[in-house]
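Structural characterization, general
So the chains spell out like this:
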Amino acid sequence: MRIDLNGTPIETGAATLADLITEQNFEAASVATALDGTFIPRDARDRPLHPGARVEVLSPMQGG
């Protein structure tokens with residue numbers, strides 16, 4: 001299915017947000033996620049994805 005990941009359209013076979021994080025090789029324990037503009041806590045990443053979903057995966061940044 002086609003989704004938008006961090007502003008870029010991609011094709012994915014992932015069924016859930018957790019599957020997408022694994023598929024895209026993100027470090028699951030150290031990222032924040034949002035689905036269609038809504039923050040998704042780590043323990044709720046079993047949310048299903050749908051065609052056209054807008055997913056944001058953000059890593060913490062250091063510095064000032």
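None of these values were measured; they are calculated from a predicted model.

A look at the overall build of the protein
- Scanning the protein from N- to C-terminus turns up one helix and five strands.
- In the protein, the succession of α and β elements from N to C terminus is β-β-α-β-β-β.
- On C-alpha atoms alone, the protein measures out to a radius of gyration of 11 Å, which is about the 11 Å that the 2.2 N^0.38 rule sets for 64 residues.
- C-alpha atoms of the protein, sized along the principal axes, occupy 40 × 25 × 20 Å.
- A buried classification covers 31% of the 64 residues belonging to the protein.
- Taking contacts inside the protein between residues at least 6 apart in sequence as the whole, the part at least 24 apart equals 47%.
- Accessible surface computed for the protein: about 4100 Å², of which carbon and sulfur atoms make up 54%.

Re the sheet that holds strand 2 (residues 8-11)
- If you walk across this open sheet you meet the five strands as 2-1-5-3-4, and the pairing is mixed. Sheet topology places strand 2 and strand 4 (38-40) at the edges, where each strand pairs with a single neighbour. Neighbour-to-neighbour, the strand axes of the sheet open up by a mean angle of 35°, direction not taken into account.
- Pairing between strand 3 (residues 32-35) and strand 4: three bridges, direction antiparallel. Residue leucine 35 lies in a different strand from strand 4, and its bridge partner there is threonine 38.

Observations concerning the pattern of salt bridges
- Going through the model one piece at a time under the given rule, you end up with one salt bridge.
- Among the salt bridges present, the one from glutamate 11 reaches arginine 2, with a minimum N-O distance of 3.4 Å.
- Under the relative-accessibility criterion, arginine 2 is labelled partly exposed at 45%.

Thoughts on unusual backbone geometry
- Non-glycine residue asparagine 6 carries a positive phi angle of around 50°.
- Mapping asparagine 6 onto the fold places it in the loop between strand 1 (2-5) and strand 2.
- Owing to a relative accessible area of 34%, asparagine 6 belongs among the partly exposed residues under this scheme.
- At asparagine 25, a position not held by glycine, the phi torsion is positive, near 60°.
- For asparagine 25, the position within the fold is in the loop between helix 1 (17-23) and strand 3.

Reading the values: rules and limits
Residues numbered from 1 in each chain as written. Predicted model: local features only at pLDDT ≥ 70, side-chain atom pairs only at ≥ 80, totals over all residues. Heavy atoms only, no water. Helix = DSSP H or I, 4+ residues; strand = E, 2+ residues; numbered from the N terminus. Rg over C-alpha atoms; globule rule 2.2 N^0.38 Å. Buried < 20%, exposed > 50% of the residue type's maximum accessible area, 1.4 Å probe, protein only. Contact = heavy atoms within 4.5 Å. Areas by Shrake-Rupley, 256 points an atom, 1.4 Å probe, with all protein chains shown as cover. Pairing = 2+ DSSP bridges. Axes fitted to C-alpha atoms, helices over the stretch in contact; angles between N-to-C directions. Salt bridge = Lys/Arg side-chain N within 4 Å of Asp/Glu carboxyl O.

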